[in-house]
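Reading the structure
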Amino acid sequence: SVFTGGGTWTKPSGVRFVHVQVTGGGGGASGHGESGGAGGYSERVIDVSGVSSVSVTVSGETGGTYYFGRGGNGASSSFGNYASASGGYGANRNNSHSGGLAGTGSGGNLNIYGGGGQPHHTRSSVGGEPYWGGGVAAGHPNGGNFSHNHQSHSTPGSGGAGGYFNGHRGSNGRPGLVVVTMFY
């Protein structure tokens, strides 16, 4: 089962274990190079023989912004109380002209940080990369708001890519994801 939004996982008959993979949302980028941090990642194997359903929360997309603005912070995703992953910070949230810090996982058998965002004047900065792979494509002045216009072409939980010049908008942080693999 793949959750791209919140909901409830209901155990099918005969399932004994699940392997859960949780990714938090990515942080939004700013103009002039600052990119967002990626969401964290948590992975856990759970004995669900005594469980009938579990509430699932998935972070949505967060907004990018223009130069010197603060990109939106990614939100957390979770599989009940079993495993969760925090969102990446938006660009300029921790310090001016800094990339966003990455989120991290908690509660799992494996908990890792996503990739951090890049700083001011990096130009064509790619956002923080999550567990699942690469982020939003970087842009160039000839492409205008290229990164922002193509932000949906990236992996879940990736941080937004920074705008090339201060007149370009940084791309949004990508939504989180929860994957549940069932074993009978």
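Every chain's residues receive numbers from 1 upward, in the order its sequence appears when written. At least 70 in pLDDT is required for a residue's local features to be given in this predicted model, at least 80 for side-chain atom pairs to be given and counted, and no such filter applies to totals for whole chains, interfaces and linings, which use all residues. With hydrogens and water excluded, all non-hydrogen atoms of the structure serve as input to the side-chain values.

1. Brief notes about the packing of aromatic side chains
- Between the rings of Phe, Tyr and Trp (Trp by its six-membered ring), a pair exists once the centres lie within 6.5 Å; its type follows the angle of the planes, with under 30 degrees stacked, over 60 edge-to-face, and the other angles tilted. Tallied over the entire structure, the rule returns six aromatic pairs.
- An aromatic cluster is built from Trp9, Phe79 and Tyr82, whose rings are joined through pairwise contacts.

2. Brief notes about the environment of threonine 10
- Elements are defined by DSSP. Helices are runs of H or I of four residues or more, strands are runs of E of two residues or more, and each kind is numbered from the N terminus. As for its position among the elements, threonine 10 is in strand β2 (residues 7-10).
- Take threonine 10: its relative accessible area is 52%, and that puts it in the exposed class.
- Along the primary structure threonine 10 and serine 158 are separated by 148 residues, whereas in three dimensions their C-alpha atoms are 28 Å apart.
- By definition in these notes, contact holds between two residues if any of their heavy atoms fall within 4.5 Å. With sequence-adjacent residues up to four places away left out, threonine 10 is seen in contact with Ser52 and Ser53. A 1.4 Å probe rolled over the protein chains alone gives each residue an accessible area, and that area as a share of the maximum for its type sets the label: buried under 20%, exposed over 50%, partly exposed in between.

3. Points about the side chain of asparagine 92
- Here asparagine 92 is to be found in the loop between β7 (83-85) and β8 (105-106).
- Of the polar contacts made by the side chain of asparagine 92, one reaches the backbone oxygen of glycine 69; its length is 2.7 Å. Definition of a polar contact: a pair of N or O atoms within 3.5 Å, with one able to donate and the other able to accept a hydrogen when the atoms are protein atoms, and with sequence-neighbouring residues admitted only if both atoms are side-chain atoms.

4. A word on the sheet that holds β2
- Only strands joined by at least two bridges in the DSSP assignment are considered to pair. Across the sheet, which stays open at both edges, the five strands sit in the order β2-β5-β6-β7-β8 with antiparallel pairing between neighbours. This sheet does not close on itself; its edge strands, each paired only once, are β2 and β8.
- In this structure, strand β6 (residues 77-79) lies alongside β7, joined through three bridges in antiparallel fashion. Counterpart to serine 78 in the pairing with β7 is serine 84.

5. Details of the pattern of salt bridges
- By salt bridge we mean one thing: a side-chain nitrogen of Lys or Arg within 4 Å of a carboxyl oxygen of Asp or Glu. Counted by the stated rule, this structure contains one salt bridge.
- Here arginine 174 and glutamate 61 are joined by a salt bridge, their closest N and O atoms 2.2 Å apart. Of this pair, arginine 174 sits in the loop between α1 (146-149) and β10 (177-183) while glutamate 61 sits in the loop between β5 (53-57) and β6, and the two are 113 residues apart along the sequence.
- On the accessibility criterion, arginine 174 (12% relative accessible area) is buried.
- In this structure glutamate 61 comes out as partly exposed when scored by relative accessible area, which is 41%.

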